[in-house]
Amino acid sequence: MADRVTVIGWDGSPLTAAARSALSAATLVAGAAHHLALPEVPPGAERIRLGSVALAARRAAGHRGTAVVLADGDPGFFGVVRTLRAPEFGLEVEVVPAVSPVATAFARAGMPWDDAQVVVAHRRTLRRAVNVCRAHTKVAVLTSPGAGPAELGLLLEGVHRTFVICEELGTDREQITVVTSDKAADHTWRDPNVVIVIGGTVGPGVAREDGGWIAGRAPDTAPRGWTLPAEAYGGDLGEGEAELLRAAQLARLGPHVGDLVWDIGCGSGAFATEAARAGAAVIAVDRDLEACARTEAAARGFGVQLQIVRGTAPHVLEDLPEPDVVRVGGGGAAVVSAVADRRPHRIVTHAATRDAAELVGRDLTEHGYQVECALVQSVELDTRAWTETERSVAFLLSGLLPDRKA
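Within each chain, residues carry numbers counting from 1 in the order of the written sequence. Confidence filtering applies because this is a predicted model: local features only for residues at pLDDT of at least 70, side-chain atom pairs given and counted only at 80 or more, and all residues used for totals across whole chains, interfaces and linings. Side-chain measures were taken over the full set of non-hydrogen atoms in the model, leaving aside hydrogen atoms and water.

Trainee: How should the overall build of the protein be read in this particular structure?
Mentor: Comment: elements are numbered from the N terminus, with helices defined as DSSP H or I runs of at least four residues and strands as E runs of at least two. On a plain count of helices and strands, the protein comes out with 12 helices and 17 strands. Projected onto the principal axes, the alpha-carbon positions of the protein cover approximately 85 × 50 × 40 Å. Classification of the 406 residues of the protein by burial places 49% in the buried group. Working rule for contacts: check all heavy atoms of both residues, and any pair within 4.5 Å makes them a contact. The long-range fraction of contacts in the protein, counting pairs at least 24 apart against all pairs at least 6 apart in sequence, stands at 61%. As displayed, the protein has an accessible area near 19800 Å², and 52% of this comes from carbon and sulfur atoms. Partly exposed residues are those whose accessible area sits between 20% and 50% of the maximum for their type, while under 20% is buried and over 50% is exposed, using a 1.4 Å probe and protein chains only. Shrake-Rupley sampling with a 1.4 Å probe provides the accessible areas, and residues are treated as covered by the protein chains on show and by no other component.

This is the structure in structure tokens:
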């Protein structure tokens, strides 16, 4: 029985001496059709068309001889190595890597990529990949059939991005095309392809000149804290935007990378900006023109990406993409009910009176949400004299939909 498998990466260039040596000794070779057609594959080796990696691992583990798996690019980067190393197969894995298609795509585009997010888009993960493209200024998307450039462009409606589409990298059919996101659905694209999604604005809250020190994002130079005081947003925040109430709402929602957050009644943009700082995609909604302008200024100041929609809820919500979590900062029970109809995983809102809180809570319960309500009271003190300077009181309501996964 085989207890070792050699995984060879292929990027279209000639195989290295180490790869040729390993492949020449193979008695079982697994790979895609174009891998199995390579002239270096021994004629007498058993060949397995790679579909299920787990199935190939079982065949390799049960094979009496030398097993090799061929894969595109760097097989340790969103590749087959993770599955082959699963303890259930008992395989020792040796890897001969090639250049990742992501690295090749950025090289073709002449761009650095240490500050890029990298996501894999399948049909089941496409929405989350799109949300990452909404939230970040540079994203590489490893696509798949049914989750390609056209689908990305359609789901990014309302958000302007530029696509660098790299088709069949490393082959004689390689092609690099630059289009805007709204035009991607007008074309037919060949698989496999990598899409570099770029766009959005970078504000003074994000440092980029030296490339930073951490891969995947530029370091955040904004002040520490999940929530910031009113002065960070120009002062004079509206009802329901008190710092401690925002902190409680942010904690209840827990937005993270891949999520889409709705902030309805965004006011100063404080909550929307803070949710975006957590890495989530955010759509901020308000009927007031000045509120939209303040929100845009806040986002620019902290270097985060927001989609701002001016309109009156609940009607303006009808055409928005499906949210994961929602903060309702204004509009009352009618807006909360309309949001609950869209079935986000979590909803938070606040009420000024117990009667109003009960009305909202009952509606959420009728929609199948598990409801929590707490009276949140904060008192600010002047520590020079230890006297009260400001007091705020609100009922904090949160709803969790138990049958929807986070």
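Now that the structure has been shown, the text picks up again.
Trainee: What should I look at first to understand unusual backbone geometry in this one?
Mentor: Of all residues except glycine, most have a negative phi; of all peptide bonds, most are trans. Geometrically, the link from aspartate 191 to proline 192 is a cis peptide bond, its omega value of -5° lying close to zero. In this model, alanine 313 is joined to proline 314 through a cis peptide bond whose omega is 10°. Inspection of the secondary structure puts proline 314 in the loop between strand E13 (307-310) and strand E14 (325-328). Look at arginine 343: it is not a glycine, yet its phi comes out positive at around 60°. With respect to the helices and strands, arginine 343 occurs in the loop between helix H11 (332-341) and strand E15 (346-351).

Trainee: Sorry if this is basic, but what is going on with the environment of cysteine 166 here?
Mentor: Residue placement: cysteine 166 occurs in strand E8 (residues 162-167). Classification of cysteine 166 as buried rests on a relative accessible area of 1%. Once the C-alpha coordinates of cysteine 166 and alanine 105 are considered, the two residues, 61 residues apart in sequence, prove to be 6.2 Å apart. Dropping the residues within four chain positions of it, cysteine 166 is found in contact with Ala105, Gln175, Ile176, Pro192, Asn193 and Val194.

Trainee: Honestly, the side chain of glutamate 167 in this entry has me stumped. Any pointers?
Mentor: Among the secondary structure elements, glutamate 167 is positioned in strand E8. Buried and unpaired, glutamate 167 has no salt bridge, with arginine 190 as the nearest side chain of opposite charge at 4.2 Å. The charged-residue count follows a simple rule in which Lys and Arg add positive charge and Asp and Glu add negative charge, with His and chain termini not counted at all. The term salt bridge refers to a pairing of a side-chain nitrogen on Lys or Arg with a carboxyl oxygen on Asp or Glu at a separation within 4 Å.

Trainee: Explain helix H1 (residues 17-24) to me, please; I cannot follow it from the model alone.
Mentor: Owing to its 3.6 residues per turn, the α-helix brings residues three or four apart onto one side. Burial in H1 covers these residues: Ala19, Ala22 and Leu23. Each buried residue of H1 sits inside an arc of 95° when the element is viewed along its axis, so together they form one side. Residues of H1 that are exposed and angled more than 90 degrees away from the buried face: Ala17 and Ser24. This arc is taken over the directions from the axis of the helix to the C-beta atoms.

Trainee: How should the side chain of asparagine 193 be read in this particular structure?
Mentor: Inspection of the secondary structure puts asparagine 193 in strand E10 (residues 193-198). For the purposes of these results, a polar contact is taken to be a pair of N or O atoms within 3.5 Å, where, inside protein, one atom must be able to donate a hydrogen and its partner to accept one; residues adjacent in sequence count only when each atom of the pair is a side-chain atom. Here arginine 190 takes part through its backbone oxygen, which lies 3.0 Å from a polar atom of the side chain of asparagine 193. Side chain to side chain, asparagine 193 and aspartate 191 meet in a polar contact 3.4 Å long. Setting aside chain neighbours within four positions, we find asparagine 193 in contact with Val141, Thr143, Pro149, Cys166 and Glu167.

Trainee: Whenever I open this one, the pattern of salt bridges confuses me. Can you help?
Mentor: Should the charged atoms of two oppositely charged side chains come close, the side chains can pair. Under the defined criterion, the tally for this structure stands at 19 salt bridges. With a closest N to O distance of 2.9 Å, glutamate 168 and arginine 173 form a salt bridge. The class for arginine 173 is partly exposed, based on a relative accessible area of 46%. For glutamate 274, the salt bridge goes to arginine 246, with nearest N and O atoms at 2.6 Å. Placement of the pair is glutamate 274 in helix H9 (residues 270-277) and arginine 246 in helix H8 (residues 243-253), with a sequence separation of 28 residues. Taking relative accessible area as the criterion, glutamate 274 reaches 2% and is therefore assigned buried.

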